[in-house]
Amino acid sequence: MYSDPVISVENLSKCYEVYNKPHQRLLQMLFRGKRKYFNEFWALKNASFKVRAGETVGIIGSNGSGKSTLLQMLCGTLNPSGGEIHVRGRIAALLELGAGFNPEFTGKENVYLNAAILGLTLAEIEAAYADIEAFAEIGEFIDQPVKTYSSGMYVRLAFSVAVHTKPSILVVDEALSVGDARFQAKCLDRIKQMKESGVSILFVSHDVAAVRTLCDRALWLDKGTVRAIGEVFPVTAQYTEHLFDRKPEKAPDISSPEAKPQKREVLQPINQWGSHIGIIQSAGVYDAEGVQKNLYTDHEKMIIKIKFKTQSLNTIEGLSVSFSFKNLAGSDLIVGSTWNQKLSFTADNGNTQEVCFEVDNYLCSGDYLLVAAIENRSSAAIHYYEYVEGAQYFSSSFIGNASGQFMPRISMVISNDSVRTGTLTP
Ligand SMILES: Nc1ncnc2c1ncn2[C@@H]1O[C@H](COP(=O)(O)OP(=O)(O)OP(=O)(O)O)[C@@H](O)[C@H]1O
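Keep in mind the model is a prediction, meaning the values are calculated, not measured.

Caption draft 1: Structural view of the site of the ligand. The environment of the ligand is formed by 13 residues, the closest being N63, G64, K67, S68 and T69. It is helix α2 (residues 67-75) that provides the largest number of residues to the shell around the ligand, a total of three residues. Residue classes in the shell around the ligand are distributed as three nonpolar, eight polar and two charged.

Caption draft 2: View of a nonpolar patch on the surface. Together, L26, M29, L30 and F31 make up an exposed nonpolar region whose accessible area comes to about 440 Å². If you trace the backbone, M29 turns up in helix α1 (residues 23-30).

Caption draft 3: Local environment of the sheet that holds strand β16 (residues 353-360). Taken in spatial order, the three strands of this open sheet run β11-β13-β16, and their pairing is antiparallel. Each of the sheet's edge strands pairs with one partner strand only, and the pair in question is β11 (280-286) and β16. Direction aside, the axes of adjacent strands within the sheet are offset by 10° on average. Where β11 meets strand β13 (residues 301-308), six bridges bridge the pair, whose relative direction is antiparallel. Within the sheet, the bridge partner assigned to V285 lies in β13 and is I304.

Caption draft 4: The arrangement of the packing of aromatic side chains in detail. Scanning all chains against the criterion turns up 14 aromatic pairs. Ring geometry for W273 versus Y384: centroids 6.2 Å apart, planes at 85°, classification edge-to-face. One end of the pair, W273, is in strand β10 (residues 271-273); the other, Y384, is in strand β18 (residues 383-397), with 111 residues separating them in the sequence. Judged on exposure class, the residue W273 and its partner Y384 are both buried.

Conventions adopted
Once a new chain begins, its residue numbering starts again from 1 and follows that chain's sequence as written. Local features in this predicted model are restricted to residues whose pLDDT is 70 or higher, and side-chain atom pairs enter the listing and the counts only when it is 80 or higher, whereas totals over whole chains, interfaces and linings include all residues. The side-chain values count all of the structure's non-hydrogen atoms but skip hydrogen atoms and water molecules. By convention in this text, a residue qualifies as near a molecule or strand provided that one of its non-hydrogen atoms is within 4 Å of it. By the criteria applied, helices consist of DSSP H or I runs no shorter than four residues and strands consist of E runs no shorter than two, each listed in order from the N terminus. Side-chain classes are defined by residue name, with Ala, Val, Leu, Ile, Met, Phe, Trp, Tyr, Cys and Pro counting as nonpolar, Asp, Glu, Lys and Arg as charged, and the others, Gly among them, as polar. Each patch is built from residues lacking any salt bridge and having more than 30% relative accessible area; the joining distance is 9 Å for like charges and 5 Å for nonpolar side chains (Val, Leu, Ile, Met, Phe, Trp, Tyr). Calculation of accessible area relied on Shrake-Rupley with a 1.4 Å probe; when residues are assessed, cover is drawn exclusively from the protein chains displayed. Put simply, a salt bridge is a Lys or Arg side-chain nitrogen that is within 4 Å of an Asp or Glu carboxyl oxygen. The criterion for strand pairing is that DSSP finds at least two bridges linking the strands in question. To get an axis, a line is fitted to the C-alpha atoms, and for a helix only the part in contact is used. The angle between two axes follows their N-to-C directions and goes from 0 to 180 degrees. The rule is short: rings of Phe, Tyr and Trp, with Trp giving its six-membered ring, pair when the centres are within 6.5 Å, and they are stacked under 30 degrees, edge-to-face over 60, tilted in between. Residue burial is assigned from relative accessible area. The probe radius is 1.4 Å, only protein chains are included, and a residue is buried under 20% of its type maximum, exposed over 50%, and partly exposed in between.

Encoded structure:
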């Protein structure tokens, strides 16, 4: 695993000719070489990266950043304007709607056609056909022309073909988002199985949480250029920060003056954004005695304190203070917010206010980080005044065999005809 590259891309570029008026296209054909009637638009410029065998790389970027353009060139459905692509192994792609199927053919005919294009022999296709049909779950529509399919049915069949053709590289574009939630979960599960079996995967998604869960590395495309490639969490954090259109300012020291970190130093936040950076004065996790600690044991009380000043805000209507515990892959595990309790604030006139959340530690052994956020929720889209990801890092140490992610108290009962025993663990 992770040895030789299965995809190697060097200075890959795609330039589109953009005409302001339709007739300019005709003029360009007539006077090619003599005059230029178009503007150049670089959908991708000088992209270079490698994907190693068995690796899952998430591709993130805002709308129009060049993700689909890149994937189409990798899959050979679009010609590059420059650069080189080397692909080792069979690549199966689930690109956005429109790629792959002939609308006049039935689903079954398209399965045969598609699998043949992907390099399967007739015997291999026949052996796989029942599984492809069963996984797609489109019933009798399999014998109908694909042009009669809903977009969800189309994706079900396309995904099913892609994963049953034993590819060594799987490319999944945004297409999955068309399916319903159950099918999406089923597809993600299948992608995970393929990942475990050593298939290299390129996974395009706007869903940072999905990329963080699934991928080993992330590549961030911005306006056709590779802004960052590397470990998932830092790259997705930079991308998220960019989405909120805030330059990463130097993080203020948000560990409170009374903080006495134990065992490990307090790290700088990994990510920080918002329209009013600096309104959070301090944020940390404390024990029942009020000591800020970096290690919590089984079911120990944890008090999350967030101190802030709202003086710089025009309004405190809709103000909400929230915290989250995330794992190091960046997934929210526990989220608490004053908004849930409908708590409202008074103007602080420059005084520091504090919100304390109290929770018992149910986190299994591992490393975690605290997110502190001050938001305005008065409209449908949350506006972040300040969001600090990594306000504190801490560990949980569970004595006993705790597996899974959480270890709440679980009552158990064993019964048979004559005996009934109950207990509370741990
Ligand atoms: N045939 C074309 N002619 C001109 N411009 C094009 C063409 N196809 C794509 N583009 C432009 O190239 C840029 C990159 O498009 P692309 O579809 O790769 O973005 P994307 O990151 O996949 O976006 P999204 O997340 O919205 O799917 C966009 O600005 C798009 O308008």
